[in-house]
Amino acid sequence: MNARNKWLLISVGLGVLLNPLNSSMISVAIPRLQNVFHLDFRVVSWIIFSFYIASAIAQPVMGKASDLFGRKKIFLTGLVVAFVASVLAPLSPNFGWLIVFRIIHAIGTSMMVAVGMAIVRIHITEKQASALSVLSIFLSGAAAIGPFIGGVLIHWWDWPAIFFVNIPFAVMSFLFAWRTIPKDEPSTSALRNLSFRSWLDLIDASGILLFTVGLIALLVGLLSVKSSGHVSWGPVLVGLIGLLLLAAFVRHELKAPSPFIPLRTFAKHPAMTWVNIEFILVNLLYYSLFFGLPSYLQMVRHVNEFHTGILMLSLGLCSLVVSPIAGRWIDQAGPRPALLVSGILMTFGSVWIVTLNQTSPVISVCVALVAFGISNGLNNVGMQAALFNSSPQQIIGVASGLFMTSRYLGTILSSLLIGIIMGDQFSAGGFRLLGVILSLIALCVVFMSWRRREPGKLEES
């Protein structure tokens, strides 16, 4: 790989890492934000919801936008948006404004993720597989060490530092990208001749609106329902409106010529559908621990942010170490054994959570972290391989997009589950209940992996 391609890879890598880095650093910051803004746990959980909802919508939209405006322009614009959001977020006068800047930041970082892989594929033609693997290290490595970086920053400075830390990455990426990413070739795509109305139809603006408003209304309704003896009808009504809007979204997507989420694909390919369902559950399990354990350590066991970050590092390091080993194993044996072991490990880790109490050594949480870290390393490769095995070659692009949507849905559901269980305040009892629920979900994943059939066996039956 020549020097120019190396600098191109570095410039793209420094940009794309901002999305996973910021989605993971926040896990250690939740207790501090709750105290600073005087919020209950359900409200502060919107700092997670907002980022993943915005990312889930922005990434496919910006991927299509890059065909119209050019990949380099989208990438550089994303860096500017992320830079501005990183500067303004720490200046937020209240939590509402912080959510706004968090959404803007998610959109900016999603612009880079949406086109970063395409830039590398197009402009680095030699040793392309190696280049893509390096880019995946930027993505997975940033997510893995995010809690540790967040813990160090918050401990020595304060929560604004997790936004300020983005600034040098954004500046360096912009300077390198400006010089190293080649100018976009003039597009012959018919997209350039589209009217604004046609462009809205292409990205399925109506579907995006129904999905966003319906999902937010449903989340608000579920998180606002009181656990007291009387029923609060306001949240129930909001939740019902959300359900109706999501039902309208499903009906709209089945008829839309260019749907935001191509639901018909699921009906045509049931094997792929089950892979996505399992992927939703896997992410629900992983991110429930990822976001729940830092709050347990800080709010129940009174561990400071720095030590919380160090403990969480075992989760990411195990995942990074296991992923390449899992790749070789899955190449030889297929995804089923790896996914079955992953499900068993998540079951064990979830049961371990149930056993934790006030007298348990704090370091014992590493047992659950290691179990989930190894399982995540297996899932990172195994679920992708299962997707490729279950998806026809001609729709692999659509399948990959649906796969990413399933990841976001699992993450959003994990935050919803934690918010409902914990309510106003994170507690030891609530954390044990979370462990019980995760154990049951993990057993479902084990059953799904055990029942999985490889493509050859499907044909024989």
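All residue numbers refer to positions counted from 1 along the written sequence of the respective chain. In keeping with the model being predicted, local features are shown solely for residues with a pLDDT of at least 70 and side-chain atom pairs are shown and tallied solely at 80 or more, while totals for entire chains, interfaces and linings include all residues. Based on all heavy atoms of the structure, the side-chain values leave hydrogens and waters out of the count.

Overview of the overall build of the chain
Across its full length, the chain holds 20 helices and zero strands. Here the chain has a C-alpha radius of gyration of 22 Å; the compact-globule value for 461 residues is 23 Å, and the two agree. Its C-alpha atoms give the chain principal-axis dimensions of roughly 65 × 60 × 50 Å. Relative accessibility decides the category of a residue: with a 1.4 Å probe and only protein chains considered, values under 20% of the type maximum give buried, values over 50% give exposed, and everything between is partly exposed. The proportion of buried residues among the 461 residues of the chain is 53%. A 1.4 Å probe and the Shrake-Rupley method give the accessible areas. Residues count as covered only by the protein chains that appear here. For the chain, the exposed area adds up to about 20300 Å²; of that, 69% sits on carbon and sulfur atoms. By definition, any uninterrupted DSSP run of H or I lasting at least four residues is a helix, any uninterrupted run of E lasting at least two residues is a strand, and each is numbered from the N terminus. The globule rule used here is 2.2 Å times the number of residues to the 0.38 power, and the radius of gyration it is set against is calculated over C-alpha atoms.

Thoughts on helix α15 (residues 305-333)
In this model α15 runs 41 Å from its N-terminal to its C-terminal C-alpha over 29 residues, within 8% of the 42 Å that 1.5 Å per residue would give. At Ser323, α15 shows its maximal kink, close to 30 degrees; a proline, Pro324, follows between one and four residues later. The N-terminus of α15 is capped by Asn304, whose side-chain oxygen sits 3.2 Å from the backbone nitrogen of Phe306. Following α15 by one or two positions, Gly334 has its phi on the positive side, about 85 degrees. Given a helix with a known number of residues, its expected span is that number minus one, times 1.5 Å. To get the bend at a given residue, fit one axis to the seven residues ending there, fit another to the seven starting there, and take the angle between those axes. Within 3.5 Å is the distance limit for a polar contact, defined as a pair of N or O atoms, with the added protein rule that one can donate a hydrogen and the other accept it, and that residues adjacent in sequence qualify only through two side-chain atoms.

A closer look at the pattern of salt bridges
In the sections that follow, a salt bridge refers to a side-chain nitrogen of Lys or Arg positioned within 4 Å of a carboxyl oxygen of Asp or Glu. Following the criterion strictly, the structure yields two salt bridges and no others. The salt bridge partner of Arg32 is Asp158, with a shortest N-O separation of 2.7 Å. One end of the pair, Arg32, is in helix α2 (residues 18-36); the other, Asp158, is in the loop between α7 (128-156) and α8 (161-164), and 126 residues separate them in sequence. Given a relative accessible area of 22%, Arg32 falls into the partly exposed group. Residue classification places Asp158 among the partly exposed residues on the basis of a relative accessible area of 29%. Between Arg32 and Glu305 there is a salt bridge, with the nearest N and O atoms lying 2.5 Å from each other.

A word on unusual backbone geometry
Even without a glycine there, the phi angle at His38 is positive, about 55 degrees. One can find His38 in the loop between α2 and α3 (41-44). Taking relative accessible area as the criterion, His38 reaches 71% and is therefore assigned exposed. Phi is positive for His302, close to 60 degrees, though the residue is something other than glycine. With respect to the helices and strands, His302 occurs in the loop between α14 (270-300) and α15.

What to know about a nonpolar patch on the surface
On the surface, Val80, Phe83, Val84, Leu88, Leu91, Val171 and Leu175 cluster together into a nonpolar patch covering about 570 Å² of accessible area. With four residues, helix α5 (residues 71-88) is the largest single contributor of residues to the nonpolar patch. Relative to the helices and strands, Leu175 resides in helix α9 (residues 166-180). Like-charged residues within 9 Å of one another, or nonpolar side chains (Val, Leu, Ile, Met, Phe, Trp, Tyr) within 5 Å, are grouped into patches, provided each residue has over 30% relative accessible area and no salt bridge.

Some thoughts on the confidence of the model for the chain
A residue's pLDDT is simply how confident the predictor is in it, with values from 0 to 100. Mean pLDDT over the chain stands at 84; residues scoring 70 or higher make up 90%. When pLDDT is averaged over each element of the chain, helix α16 (residues 335-355) comes out on top at 93 and helix α20 (residues 455-460) at the bottom at 42. pLDDT under 50 marks residues 456-461. Its contacts with residues more than four places away, or in other chains, come to two contacts. When checking whether two residues touch, look at their non-hydrogen atoms; a contact exists if any pair is within 4.5 Å.

Some details on the packing of aromatic side chains
By convention, a stacked pair of Phe, Tyr or Trp rings (six-membered ring in the case of Trp) has centres within 6.5 Å and planes under 30 degrees apart, an edge-to-face pair has planes over 60 apart, and any other such pair is tilted. On inspection of all chains with the given rule, the structure shows 24 aromatic pairs. Measuring from centroid to centroid gives 6.0 Å for Phe426 and Phe431, while their planes differ by 40 degrees, and the two rings are tilted. Both residues of the pair, Phe426 and Phe431, count as buried. An aromatic cluster is built from Phe51, Tyr52, Tyr286, Tyr287, Phe290, Phe291 and Tyr408, whose rings are joined through pairwise contacts. The criterion is that NZ of a Lys, or CZ of an Arg, lies within 6 Å of the ring centre and within 35 degrees of the ring normal, and then a charge sits over that ring. Positioned above the aromatic ring of Trp178, the side-chain terminus of Lys72 is 5.8 Å from the ring centre.

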